[in-house]
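So the chains spell out like this:
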Amino acid sequence: SVKTLVKATLVGVAIAAFTSSVSAETLRGASMFDDKHTFTKTMVKFGELVEKHYDGDVEFDLRLNSELGVEKDYVTFLNQGVAIDYTILAPSNMARFAPSIPLMDMPFLFRDLEHWNTALGSDVMAPLEKELSDKADIVIVGYAGGGTRNLLSKNPVGNLEELKGHKMRVMGAPIQAQIFDALGAAPSAIAYNEVYNAIQTGVIAGFENEAASIQNLKFYEVAPNVTLTGHTITVRPIVFSGKKFRKLPAKLQEAIMQAGKEAGAFGRELESREDAIKLKEMSDAKQIIVSEFEGREKLLDMVKPVQDKFAESIEATELLKAIRSK
Ligand code: MAV
């Protein structure tokens, strides 16, 4: 009868409403750090902004403290569309999937914070984003970063003489090792979660990192000497799995792109502002001993041919020129 049909329809509508409310889209993120690190704060912000820009139901499940591994694991997960949907990644940890992406964070790419800001505020990185999307199926939705990377070692490494043969860990991209090799050091690629132990056991004598992460993971306990080479101002894309992204409603995709831009700006401002503060906190607490690198101005000249050669090998000579001239 009509009456039963209406009843059945109403029940159907109620069930549909119920299931859609329990099956809100859940997006899982990962951070190597606790809730005090700028990356974590940026990803929390990202979630809040997506919720703000999206009318539908969406939930965030952000796993902290390397519960789901480190960046070299995250990049594989994103590429395969498993385990996580978004995170923040160092371009140099994505080299295996897109060989040209480490151009973005190679040492001595930016002259200073102003240059870094101008470059990231432009669309100069677009060809690299395209390669990442085509080859790795990873979408860049925004840019965080803004920390300055310095040398960090067990014993002081204060000049080129002391850097000679210095056993140090670098990120997985070949260009990272090539640059430190050109400076005379003895670099080797080691996973981030093995660095602390490797220094403690004497496998390496140091590495390079930015204040936010040194403080968060207490690397100063094994490598208290910070030498201000300031070789890299970090570029840290907020990245999303392409496989997951394509399955999301168009409106949610739009919200994610918008939130990524805004969360990136939030993260860049936060990390670049806090960088010197965090160094000072660690130094005041006598956790680190900070010193200048004698002859820092020579370093750029030493690595420039290596940068040029890398750019040539990935057919990005014009792009490197464009970034340098920003
Ligand atoms: C710092 O923790 C961050 O820049 C992070 O993105 C890198 O993966 C890490 O250093 C590293 O050196 O691998």
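About the criteria used
Residues numbered from 1 in each chain as written. Predicted model: local features only at pLDDT ≥ 70, side-chain atom pairs only at ≥ 80, totals over all residues. Heavy atoms only, no water. Core = buried A, V, L, I, M, F, W, Y, C linked by side-chain atoms within 4.5 Å. Buried < 20%, exposed > 50% of the residue type's maximum accessible area, 1.4 Å probe, protein only. Contact = heavy atoms within 4.5 Å. Helix = DSSP H or I, 4+ residues; strand = E, 2+ residues; numbered from the N terminus. Lys, Arg positive; Asp, Glu negative; His and termini not counted. Salt bridge = Lys/Arg side-chain N within 4 Å of Asp/Glu carboxyl O. Near = heavy atom within 4 Å. Polar contact = N/O pair within 3.5 Å; in protein donor to acceptor, adjacent residues only side chain to side chain. Nonpolar A, V, L, I, M, F, W, Y, C, P; charged D, E, K, R; others polar. Patch = residues over 30% accessible without salt bridge, like charges linked within 9 Å, V, L, I, M, F, W, Y side chains within 5 Å. Areas by Shrake-Rupley, 256 points an atom, 1.4 Å probe, with all protein chains shown as cover. Charge placed at Lys NZ, Arg CZ, Asp CG, Glu CD.

Chemist: Looking at this model, I keep getting lost on the nonpolar core. Mind explaining?
Modeler: Note that soluble globular proteins tend to have their nonpolar side chains buried in a common cluster. Counting residues in each nonpolar core, the largest one holds 96 residues, and the members touching the most others are Phe46, Leu103, Phe110, Met125, Phe240 and Ile256. For Phe46, the residues in contact, after removing those within four places along its chain, are Phe60, Tyr86, Val141, Phe240, Ile256, Ala259, Gly260 and Ala263.

Chemist: Help me out: how do you make sense of the side chain of Arg268 in this one?
Modeler: Along the polypeptide, Arg268 turns up in helix α11 (residues 250-284). Of the side chains bearing the opposite charge, Glu129 lies closest to the buried Arg268, which forms no salt bridge; the N-O distance is 9.6 Å. Residues contacting Arg268, with those up to four places away along its chain left out, are Trp116, Asn117, Leu120, Tyr143, Ala144 and Gly145.

Chemist: Mind showing me how you'd approach the site of the ligand here?
Modeler: Taken together, 14 residues sit near the ligand, with Glu71, Arg149, Arg169, Tyr192 and Glu210 positioned nearest. In the model, an oxygen atom of the ligand is placed 2.9 Å from a nitrogen or oxygen of the Arg236 side chain. Residues belonging to the shell around the ligand are distributed by class as follows: six nonpolar, three polar and five charged.

Chemist: Explain the pattern of salt bridges to me, please; I cannot follow it from the model alone.
Modeler: In a structure, side chains of opposite charge can pair up when their charged atoms sit close to one another. By the definition in use, this model includes 20 salt bridges. Lys72 is the salt-bridge partner of Asp73, the closest N and O atoms lying 3.9 Å from each other. Taking relative accessible area as the criterion, Lys72 reaches 41% and is therefore assigned partly exposed. Here Glu208 and Arg149 are joined by a salt bridge, their closest N and O atoms 2.8 Å apart. Here Glu208 is found in strand β7 (residues 206-210), whereas its partner Arg149 is found in strand β4 (residues 138-153), with 59 residues between them in sequence. When salt bridges that share partners are traced, they join Arg28, Asp61, Arg63 and Glu67 into one network.

Chemist: What am I meant to see in the environment of Leu113 here?
Modeler: Position of Leu113 among the secondary structure elements: in helix α4 (residues 113-121). Take Leu113: its relative accessible area is 36%, and that puts it in the partly exposed class. Each C-alpha atom of the pair Leu113 and Gly147 lies 9.6 Å from the other, and the pair is 34 residues apart in sequence. With near-sequence residues (within four places) excluded, Leu113 lies in contact with Gly146, Ile233 and Ser272.

Chemist: Just to check I follow, could you spell out a negative patch on the surface for this structure?
Modeler: Judged by side-chain charge, Glu48, Glu51, Asp57 and Glu59 come together as a negatively charged surface patch. Summarising the element assignment, Glu48 is placed in helix α2 (residues 38-53).

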